[in-house]
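Remarks on the overall topology
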Amino acid sequence: MRCFLSHVVSTVGCGLLLSLLPPTSAALAQTTPPTQTPPTAAPATAKTAPSAPPESLIPLPQPSPHVVLQHAIGLTDVVVDYHAPSVKNRVIWQGLVPYNQIWRAGANENTVISFSDTVRINGKKLPGGKYSFYIMPRSDQDWDLVFNRVTTHWGAESYNEKDDVLRIPVVPEASAHHETLLYWFSELTTGSAHLNLSWEKKTVSFFIDTNVQARVVAGIEKAVAARPNDWQLLAQAAEYLVQNNLNGEQALNYINESIRLQDVYLNNWIKARLLASKQDYDTAIVFGRKAIKLGEKDDTTFQNQLPNMRVALIEWQSKAY
């Protein structure tokens, strides 16, 4: 067959042989006239908001790493979600961060701070929720902290002052050098804390108050109303009030009812401490001795508490006589 084809080609020529073959799709495309499409008007270009740069297809470390800082203050969860830039030998204040311009208080997209419940920031009420956090530095000693309701912007782009929920004037302080921007909590108590931002050689802080004691007292009242005959619950409620020096009269009512329901060393000792806090040392000694007498030798909790109970009795006796 190969010899036959070679003989045909040499006899009739390549051009004649190709003309005998069916046309290919490429040849059809060349011979078929193109379809005329009427011109269409170009679509109007809509103005879009600035967006974040596209993500790299290669996994690379971020110049400004993502950080999520979370802390419970009393019964309130506080979360700071931010990106942490570094100084890198740059001028930061009145340089990379110009004065009299809103700053995203971090890098990349919005720095976002969320509160699970209503709080007070430097004494001003802020409802629970999620807020973008900005700083307006006006000079070395005059900054505003800004909580804004829109949390989906890229940095400060499209920031609108009309969306501000709270502005707090603050004075930044000089600090040790922090190469990488850092948010951190300090001076934590049962229901309050300071949240600080440190970068380069400046630190700015604000005070968060969660009003936790009012919430706890309301929770105690609700729990006792639901289970008024639970002597352990009543003792626990009185214990908390005694420890935190809250509602002394209510604590006394709770512990008296607890003792009426179940007369044991635990609630008698709570009553002794409550009376001592009211400087009624004579009666405190009576209930303290009763608590020790009711304590069971095989009760590990009682045995661990017994040395402190005896020390307290000696102290009360010195104040009573």
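For the structure itself, look to the data block above.
Let me sum up the structure you'll find in this document. (Residues numbered from 1 in each chain as written. Predicted model: local features only at pLDDT ≥ 70, side-chain atom pairs only at ≥ 80, totals over all residues. Heavy atoms only, no water.)

So, about the overall build of the chain. Counting its secondary structure elements, the chain contains nine helices and ten strands. For the chain, the residues scored as buried account for 36% of the 321 residues in total. The long-range share in the chain, meaning contacts at least 24 apart out of those at least 6 apart in sequence, stands at 54%. Accessible area of the chain: about 19,600 Å², with a carbon and sulfur share of 55%. (Helix = DSSP H or I, 4+ residues; strand = E, 2+ residues; numbered from the N terminus. Buried < 20%, exposed > 50% of the residue type's maximum accessible area, 1.4 Å probe, protein only. Contact = heavy atoms within 4.5 Å. Areas by Shrake-Rupley, 256 points an atom, 1.4 Å probe, with all protein chains shown as cover.)

Okay, a nonpolar patch on the surface next. A surface patch of nonpolar side chains, about 400 Å² in accessible area, is lined by L57, I58 and L60. Locating L57 in the fold gives a position in the loop between α3 (25-31) and β1 (66-73). (Patch = residues over 30% accessible without salt bridge, like charges linked within 9 Å, V, L, I, M, F, W, Y side chains within 5 Å. Salt bridge = Lys/Arg side-chain N within 4 Å of Asp/Glu carboxyl O.)

This part takes up the packing of helix α4 (residues 212-226) against helix α5 (residues 231-243). Viewed as axis vectors pointing N to C, α4 and α5 meet at an angle of 160°, and their least axial separation amounts to 10 Å. Taken together, the axes of α4 and α5 lie roughly antiparallel to each other. The two elements α4 and α5 meet at a crossing, and its hand is left-handed. Counted together, Q213, V216, V217, I220, A223 and V224 of α4 and L233, L234, A237, Y240 and L241 of α5 form the full contact between these two elements. In the contact of α4 with α5, the residues fall into ten nonpolar, one polar and no charged. (Axes fitted to C-alpha atoms, helices over the stretch in contact; angles between N-to-C directions. Parallel < 35°, antiparallel > 145°, perpendicular 65-115°, else oblique. Left-handed = near helix turned anticlockwise from the far one by under 90°. Nonpolar A, V, L, I, M, F, W, Y, C, P; charged D, E, K, R; others polar.)

Take R289: it is sitting in helix α8 (residues 281-294). Taking the C-alpha atoms as reference points, R289 and Y265, separated by 24 residues in sequence, lie 9.5 Å from one another. Look past the residues within four positions of R289 in its chain and what remains in contact with it is L313 and Q317.

Attention now goes to the pairing of strand β10 (residues 192-209). The buried count for β10 comes to 13 of 18 residues, which makes it a mostly enclosed element. As paired strands, strand β4 (residues 119-121) and β10 are joined by two bridges and run antiparallel to one another. Across the sheet, the residue bridging to I121 is I208, located in β10. As paired elements, strand β9 (residues 173-186) and β10 share eight bridges and run antiparallel to each other. Bridge pairing links E173 to T203 in β10. Linkage of β9 to β10, two consecutive antiparallel strands, is achieved through a turn of five residues, within which E187 is found at a positive phi near 50°. (Pairing = 2+ DSSP bridges.)

The values reported here are purely geometric and, on their own, carry no functional implication.
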